[in-house]
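Each chain, letter by letter, is given below.
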Amino acid sequence: MKSPIAKFIVVTLLLGMLSPAFAGPMRELLRERAAQRRAANAGPVSVPAGVQAETNIAYGPDPAQRLDVYRPEHAANAPVIFMVHGGGWARGDKEAGGVVTNKVAHWVPQGYVFVSVGYRLVPEVDPLVEADDVARALAFAQGKAAGWGADPSRFVLMGHSAGAHLVTLLSADPGIAARQGAKPWLGTVALDSAAYDVVEIMQARHFPLYDKAFGNNRDLWRDASPTLRLKGAPVPMLLVCSSRRADSCAQAEGFADKAKALGGRITVAPVDMRHGEINAQLGASGALTNQVDAFLRSIGLK
């Protein structure tokens with residue numbers, strides 16, 4: 001049995017049989033890992049007719065600091081969806097079909113520019129450095145927007161899983177983005193992050209991916225927690241969470257309660273979908289896409 005995935009499954013099942021209390025969370029982890037693999041491997045990006053694609057644009061010196069741009073042929077003052085992929089802070093791909101295809105097919109024909117962002121990953125860097133990379137990419141994209149037929153003042157941040165954590169961290173503390181030269185944006189869509197309060201996660205039973213990303217550094221736990229970094233009202237935010245996960249909606253509600261107390265306009269949107277499906281299906285016809293469209297209209301975008 002040479003496959004790491006096969007070994008992981010066998011060990012997990014054995015642990016589950018030995019400890020019934022452990023079996024439920026481990027089964028959930030297995031389901032989420034499978035859903036993430038399906039979403040990440042949903043085929044190559046499919047670009048509809050009339051969409052111009054420019055890929056692997058460097059926003060920094062590291063090979064991982066690259067972004068892709070998808071835009072209408074005759075874009076003019078277009079709004080921008082700035083998308084950050086997930087993958088547990090340690091993997092993932094800006095070019096995955098589940099990250100890009102349905103979103104581009106839905107929003108670019110409506111006149112949006114869609115930017116998909118890559119960034120350095122654990123263990124090369126920690127999640128705070130990843131947030132700096134995302135902020136640096138945002139500043140770069142805002143600076144190049146006019147040349148893409150886009151409006152630098154009409155950006156919306158979007159991220160899934162770890163990417164949702166990173167865009168939420170920037171929204172909770174805009175100083176992270178400002179220090180990299182980024183300007184304000186209109187709103188943020190977080191797609192099923194469960195990592196709003198990392199300290200709370202690390203002090204309870206949690207999935208091993210959090211140990212890989214955050215280790216034993218309690219300062220990192222605190223500094224990487226959007227809920228704890230939040231000191232003032234953030235930009236309007238839509239926090240999508242899977243009602244099938246044990247902690248996703250509870251963590252989102254905790255962040256939303258604090259943001260609302262500070263005067264923020266935050267919507268928590270539970271959906272009956274798996275973690276990976278939320279990402280891959282966004283842009284396809286359905287209630288989730290309708291809800292995100294409604295949020296975009298609410299912040300002044302079409």
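Bear in mind the structure is a predicted one, so any value in this text is a computation, not a measurement.

Student: Any details on the pattern of salt bridges? Residues and values, ideally.
Tutor: This structure, assessed with the given rule, holds 8 salt bridges. The salt bridge involving Asp133 is made with Arg120; its shortest N-O contact spans 2.7 Å. A residue pair is termed long-range when its members are at least 10 positions apart, and Asp133 in helix H4 (residues 127-144) and Arg120 in the loop between strand S4 (113-117) and H4 qualify at 13 residues. Salt-bridge contacts for Asp192 lead to Arg245; the nearest nitrogen and oxygen are separated by 3.0 Å. Taken as a pair, Asp192 in the loop between strand S6 (187-191) and helix H7 (198-202) and Arg245 in the loop between strand S7 (237-242) and helix H11 (248-261) lie far apart in primary sequence, 53 residues in all. Note on Asp192: relative accessible area 0%, which makes it buried.

Student: Please provide a residue-by-residue account of the environment of Gly98, values included.
Tutor: Here Gly98 shows up in helix H3 (residues 97-107). You can call Gly98 buried: its relative accessible area is 3%. Sequence separation between Gly98 and Leu282 is 184 residues, and the spatial gap between their C-alpha atoms is 8.9 Å.

Student: Tell me about the state of the cysteines, and name the residues and values.
Tutor: Within the structure shown, the criterion is met by 1 disulfide. Between Cys241 and Cys249 runs a disulfide, and the two sulfur atoms are separated by 2.2 Å. Given an S-S torsion of about 100 degrees, the disulfide between Cys241 and Cys249 has right-handed geometry.

Student: Mind laying out the pairing of S7, listing which residues take part and the relevant values?
Tutor: When you tally the buried positions in S7, you get 6 out of 6 residues, the bulk of the element. Judged by which residues are buried, S7 turns out to be covered on both faces: Met237, Leu239 and Cys241 on one side and Leu238, Val240 and Ser242 on the other are all buried. Note: S6 against S7, 4 bridges, orientation parallel. Within S7, the position partnered with Val189 by the bridge is Leu238. Summarising the sheet, S7 and strand S8 (residues 266-271) pair through 6 bridges and their orientation is parallel. By the bridge assignment for S8, Cys241 is matched with Pro270. In the classification by handedness, the crossover that spans S7, the intervening H11 and the parallel S8 is right-handed.

Student: Describe in detail the packing of aromatic side chains, supporting the description with residues and values.
Tutor: The geometry of two aromatic rings is summed up by the distance between their centres and the angle between their planes. Under the criterion given, the structure shown has 5 aromatic pairs. Residues Trp89 and Tyr210 carry aromatic rings whose centres are separated by 5.8 Å and whose planes lie at 50 degrees to one another, so their mutual orientation is tilted. One end of the pair, Trp89, is in the loop between strand S3 (78-84) and H3; the other, Tyr210, is in helix H8 (residues 208-214), with 121 residues separating them in the sequence. Classification of Trp89 as buried rests on a relative accessible area of 3%. Accessibility expressed as a relative area gives 5% for Tyr210, which makes it buried. For the ring pair Tyr196 and Phe255, a centre distance of 5.5 Å and an interplane angle of 40 degrees mean the geometry is tilted. On the criterion of sequence distance, the pair formed by Tyr196 in the loop between S6 and H7 and Phe255 in helix H11 is long-range, its members being 59 residues apart. A relative accessible area of 0% places Tyr196 in the buried class. Judged by relative accessible area, which is 0%, Phe255 ranks as buried. Members of the aromatic cluster, each reached through a chain of ring pairs, are Trp89, Tyr210 and Phe214.

Student: Lay out the side chain of Gln251 in plain terms, naming residues and giving numbers.
Tutor: Here Gln251 is to be found in helix H11. Using a relative accessible area of 6% as the deciding quantity, one classes Gln251 as buried. A distance of 2.7 Å separates the side chain of Gln251 from the backbone nitrogen of Asp197, its partner in a polar contact. Leave out the neighbours within four places in its chain, and Gln251 touches Ala194, Ala195, Tyr196, Asp197, Glu200 and Ile201.

Student: Provide a residue-level description of H4, including the pertinent values.
Tutor: Each turn of an α-helix holds 3.6 residues, which means side chains three or four residues apart point in the same direction. Given a rise of 1.5 Å per residue, 18 residues ought to cover 26 Å, and the 25 Å separating the end C-alpha atoms of H4 matches this to within 8%. Pro127, Glu130, Ala131, Asp133, Val134, Ala135, Ala137, Leu138, Ala139, Ala141 and Gln142 are the residues of H4 that are buried. Here H4 starts with a cap whose side-chain oxygen sits 2.9 Å from the backbone nitrogen of Leu128, and that cap is Asp126.

Student: Now, about the nonpolar core: what can you tell me, with residues and values included?
Tutor: Membership of the largest hydrophobic core comes to 51 residues, with the highest contact counts inside it found for Leu67, Phe82, Trp89, Val115, Leu170, Tyr210 and Phe214. Among the elements that make up this core, the one with the highest residue count is H4 (7 residues). Residue contacts for Leu67: discarding those within four places in its chain leaves Glu54, Thr55, Asn56, Ile57, Tyr59, Lys94, Val115, Ser116, Val117, Ala137, Phe140 and Trp148. Within the second largest apolar cluster, 29 residues are counted, among which are Met83, Val104, Phe114 and Met273.

Calculation rules
Numbering of residues begins from 1 in every chain and follows the order in which that chain's sequence is written. For this predicted model, a pLDDT threshold of at least 70 governs which residues receive local features, and a threshold of 80 or more governs which side-chain atom pairs are given and counted, while totals over whole chains, interfaces and linings are taken from all residues. To obtain the side-chain values, all non-hydrogen atoms of the structure were used and water was disregarded. We count a salt bridge whenever a side-chain nitrogen from Lys or Arg sits within 4 Å of a carboxyl oxygen from Asp or Glu. Numbering goes from the N terminus for both helices and strands, where a helix is a DSSP run of H or I of at least four residues and a strand is a run of E of at least two. Three labels apply to residues, based on accessible area from a 1.4 Å probe with only protein chains included: buried if under 20% of the type maximum, exposed if over 50%, partly exposed otherwise in between. Cysteine sulfur atoms that come within 2.5 Å of each other are treated as a disulfide pair. Strands were regarded as paired on the criterion that DSSP finds at least two bridges between them. Here the term right-handed applies to a crossover when the path leading from its first strand over the helix to its second strand runs clockwise, the strands being oriented away from the viewer. Note on ring pairs: Phe, Tyr and Trp rings are taken, using the six-membered ring of Trp, and paired if centres are within 6.5 Å. Classes follow the plane angle, with under 30 degrees stacked, over 60 edge-to-face and the rest tilted. Between N or O atoms, a polar contact is any pair within 3.5 Å; within protein, one atom must be a potential hydrogen donor and the other a potential acceptor, and residues adjacent in sequence are included only when both atoms are from side chains. We call two residues in contact whenever any of their non-hydrogen atoms come within 4.5 Å of each other. The span expected for a helix works out to 1.5 Å for each residue beyond the first. Residues grouped as a nonpolar core are buried Ala, Val, Leu, Ile, Met, Phe, Trp, Tyr and Cys residues, joined through side-chain atoms within 4.5 Å.

Structural measurements only, silent on function.
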